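A look at the structure
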Amino acid sequence: MSELPHGDACCRRTPITAQDINGGPDPDHRVPFVITAPGQYALAEDVDWVALDENARAITIASDDVTLDLCGRTLRQIDPPAPALARDPSARACRGEVVSGNVGVYAEGRGRLVIKNGSVLGIQGVGIAVRACCQVDLLALSVRRCGGDGVIDTSFLCRNGGIFVMGAKDADGNIAFASDIRMLDCVCSDNTSRLDFVVTLGALVLFCDDVEVKRCVFNRTENTSAQPSGVQFNVVGADFVICRNVLVEDCEAHDNTSGGEPAGFFAWGENYKFLRCRASRNFTLTGNRACGFNISTTSNLEMVDCEADGNYNANPGASADAVRDFSALGFRIGRAVYRGLLDNCRAMGNHGVGANAPAAGFALHSTRQVVLRRCVAVGNRNASGAAENDGLAAGFIASAPLAAPEGGLVGGEDNAFVDCIADGNTVHRTPLFVQPPAPPVDAGPSRGDPQKGAGFLLERQKDARVIGCQSANNDGKGIWLRACARALIEGNTLSRNTLYGIQNEDPAGLSAFMGNRAHLNGFRHRHNYVGLPPGTPVRKWTLGSPPPDGPSGPLDNLSIRLP
């Protein structure tokens, strides 16, 4: 390596050439390229890298205080070596056959690193991997077409894909968090694989603390394998696992797909905030679950101005496994999420054809103290809803599907929906214009059973609140309570839902219904409110006739129908 001439305005730093990365000047004695001293380093040209072996790294950073500037150029792997294979894949924790993987840029156990401004392309394994480091900035990077037939071991799973930032975990399970991580203006696109039991990702953030991810795009991640990793999802646009103090702002995760189970964003840990993020058109044609956002086992969650549209599952047998919590969702909040706020979020056109599990805009599974405020669910549907199966469809679902080890259920308590809108959610196969690769899910004779649809479905909930919401034009019920206790259903407007306005089915205890207004649900007054506790005030008013004498009280539920 030698200093670039002073006149190079792009990179007045120590240059890195293609010869350096490909083993040095002696073709008979190729050596790995390693940065061993602090400083500013710059890629001097586009590089076609030929790996020394199946576990080689193109650039290894083995020093603190390093800035690696790709200067708008591309590091590309060509002619990847044949991967190493396990003799007995079934004996491995990861179960996968491949046990090797290349890395484009690698650092471990270092601090104060900057990697920026360029492209990493076609790495068989992982494009950029930073392990057990702190104060790391990843800026304006494009990492594409990585994964393939390579993997790296990430503590309890084998994974491949775009950008990986990881802490460390020892043999006793103790975690050393990587910290102060910034990923800004990056694109992780078209990272794909076909390997069984491997998780393919646009980006992985694992065992990290104090993380900011802003203005990034994670799209077209794909793993065609129908053999998931063992923890459900085997494709995610951006995967945050056991992290804390995370801000994800102005990011997109779209068109990620899997033969198993895909999601746009996955998060697990403590203190997450998603601000103005979008997860759209994440889908599976053959797997059990697909969703835009999947937030699991997390405390202190905030999501503001986020959107999940057009996520879908085209598998009629979806969620026929042991966990039938959903087949397709915009937002999946669960399992065991504790304390959360979703404010002004939107879910539109998320749909499935699975006969065994729900499709919805928003779903809370085994959650506690989660509040949805000013959220909107429009046109979410399940095209297989029938009386004899669990192909439900709803704008909003709150359920408690997990059994607690000591008995009873996990969560399902103190959740709230405030000023939310559910409109046009359906179990009907209403004909839609659908572009490939989305399947023509409207084919077939079944139009669904409205007994399986709702604007809001609350199942086995305690102390739930639905306040000031609007539920209209849904196929089925406006608000459907099933085996709930101590719910407060107050000040809601229910209009033109095909079956009932509010149904309180098989209550597990008393609930309060106050000041609701039901209009044109089903056919008559009796279809506006079904199953309310005896003595609940319901004031009937037929349009075209004078209202009843005297003003309605704040406790009265108003039932309105046409003459």
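What you see is a predicted model, and the numbers here were worked out from it, not measured in a lab.

Right, let's talk about the overall build of the protein chain for a bit. Helices and strands together make up the secondary structure of the protein chain, namely one helix and 55 strands. With respect to the principal axes defined by its C-alpha atoms, the protein chain has extents near 95 × 50 × 40 Å. For the protein chain, the residues scored as buried account for 56% of the 563 residues in total. In the protein chain, of all internal contacts separated by at least 6 residues, the share reaching a separation of at least 24 is 73%. As presented, the protein chain carries roughly 21400 Å² of accessible surface, and 51% of it is formed by carbon and sulfur atoms. On the protein chain, the mean spot of the 53 positive side-chain charges and the mean spot of the 61 negative ones are 7 Å from each other.

Another aspect to go through is the pairing of strand β37 (residues 359-365). Along β37, seven of the seven residues are buried, which leaves the element largely enclosed by surrounding structure. With five bridges joining them, strand β33 (residues 328-333) and β37 adopt parallel strand pairing. In the strand pairing of β37, Phe331 is matched with Phe362. One ladder, built from six bridges, connects β37 with strand β41 (residues 393-399); its direction is parallel. By the bridge assignment, Ala360 is partnered in β41 with Ala394.

Let's shift gears to the pairing of strand β24 (residues 235-249). Extensive coverage of β24 is indicated by the burial of 11 of its 15 residues. Where strand β20 (residues 199-206) lies against β24, six bridges are found, and the strand directions are parallel. Its bridge partner lying in β24, Leu204 is registered against Asp239. Relative to β24, strand β21 (residues 208-214) runs parallel, the two sharing five bridges. If you follow Asp209 over to β24, its bridge partner there is Arg244. Judged from the 12 bridges that link them, β24 and strand β27 (residues 262-275) form a sheet pairing that is parallel. Within β27, the position partnered with Val235 by the bridge is Pro262.

Counting 98 residues, the largest nonpolar core has Met183, Phe218, Phe265, Phe274, Met303, Leu342 and Phe417 as the members making the most contacts within it. Among the elements that take part in this core, β24 stands out by supplying five residues, more than any other. Leu157, Ala263, Phe266 and Leu457 belong to the second largest nonpolar core, which has 29 residues in total.

Attention now moves to unusual backbone geometry. Of note, the bond from Gly334 into Arg335 is cis; its omega dihedral lies within 30 degrees of zero at 5 degrees. The backbone phi angle of Ala140 is positive, close to 50 degrees, even though this residue is not glycine. Under the relative-accessibility criterion, Ala140 is labelled partly exposed at 37%. Despite not being glycine, Asp255 shows a phi value in the positive range, around 60 degrees. Position of Asp255 relative to the elements: it lies in the loop between β25 (252-254) and β26 (257-258).

This part takes up the confidence of the model for the protein chain. Where the model shows low pLDDT, its predicted coordinates should not be examined in detail. When pLDDT is averaged along the protein chain, the result is 91; 93% of the residues meet or exceed 70. Here residues 1-11 scores under 50 on pLDDT; set against residues more than four positions off or in separate chains, the count is 19 contacts.

This part takes up the packing of aromatic side chains. Applying the stated criterion to the full structure yields 15 aromatic pairs. A centroid spacing of 6.4 Å and a plane angle of 85 degrees characterise the contact between Phe240 and Phe274, whose relative ring orientation is edge-to-face. Of this pair, Phe240 sits in strand β24 while Phe274 is found in strand β27, placing the two residues 34 residues apart along the sequence. Like Phe240, the residue Phe274 is buried in the burial classification.

Applying the stated criterion to the full structure yields zero disulfides. In this structure Cys345 is not part of a disulfide, and its nearest cysteine sulfur, from Cys306, lies 4.7 Å away. Assessed through its relative accessible area of 0%, Cys345 is described here as buried. We note that Cys420 lacks a disulfide partner, and the nearest cysteine sulfur, in Cys469, lies 4.6 Å from it. You can call Cys420 buried: its relative accessible area is 0%.

Below, the discussion takes up the environment of Ala360. As for its position among the elements, Ala360 is in strand β37. Taking relative accessible area as the criterion, Ala360 reaches 0% and is therefore assigned buried. Along the backbone, Ala360 and Asn415 are 55 residues apart, and their C-alpha atoms lie at a distance of 17 Å. Setting aside residues up to four positions removed in sequence, Ala360 forms contacts with Ala328, Leu329, Gly330, Asn350, Asn380, Ala394, Gly395 and Ile397.

All right, on to the side chain of Thr67 then. Structurally, Thr67 is set in strand β6 (residues 66-69). Accessibility expressed as a relative area gives 12% for Thr67, which makes it buried. Apart from residues no more than four positions distant in its own chain, Thr67 is found in contact with Gly39, Gln40, Tyr41, Val114 and Lys116.

What follows concerns the sheet that holds strand β29 (residues 283-284). Here eight strands make up an open sheet; going across it, the order is β12-β19-β23-β26-β29-β32-β36-β40 and the pairing parallel. Of all the strands in the sheet, just β12 (147-148) and β40 (381-382) have a single pairing partner and so form its edges. Relative to strand β19 (residues 192-193), β12 is paired through two bridges, and the arrangement is parallel. Counted as the bridge partner of Gly148 is Ser193 from β19.

About the criteria used
- Every chain begins its residue count from 1, and numbering advances along the sequence as written.
- Only residues with pLDDT of at least 70 get local features here, since the model is predicted, and only at 80 or more are side-chain atom pairs given and counted; chain-wide, interface and lining totals rely on the full set of residues.
- To get the side-chain values, take all heavy atoms of the structure and skip hydrogens and water.
- The helix and strand labels rest on DSSP assignments: H or I over at least four residues marks a helix, E over at least two residues marks a strand, and numbering proceeds from the N terminus.
- Relative accessibility under 20% of the residue-type maximum defines a buried residue, over 50% an exposed one, and the middle range a partly exposed one, all with a 1.4 Å probe and only protein chains included.
- By definition in these notes, contact holds between two residues if any of their heavy atoms fall within 4.5 Å.
- Using a 1.4 Å probe, the Shrake-Rupley method yields the accessible areas, and only the shown protein chains count as cover for residues.
- Counted charges follow a simple rule, with Lys and Arg positive, Asp and Glu negative, and His plus the chain ends left uncounted.
- Each charge is placed at NZ for Lys, CZ for Arg, CG for Asp and CD for Glu.
- We call two strands paired when DSSP finds no fewer than two bridges between them.
- The criterion is simple. A nonpolar core is a set of buried Ala, Val, Leu, Ile, Met, Phe, Trp, Tyr and Cys residues joined through side-chain atoms within 4.5 Å.
- One number per residue, pLDDT, summarises how confident the predictor is, and it ranges from 0 to 100.
- Pairing of aromatic side chains requires ring centres within 6.5 Å, counting the rings of Phe and Tyr and the six-membered ring of Trp. Pairs whose planes differ by under 30 degrees are stacked, by over 60 edge-to-face, and all others tilted.
- Any pair of cysteine sulfurs within 2.5 Å is marked as a disulfide.

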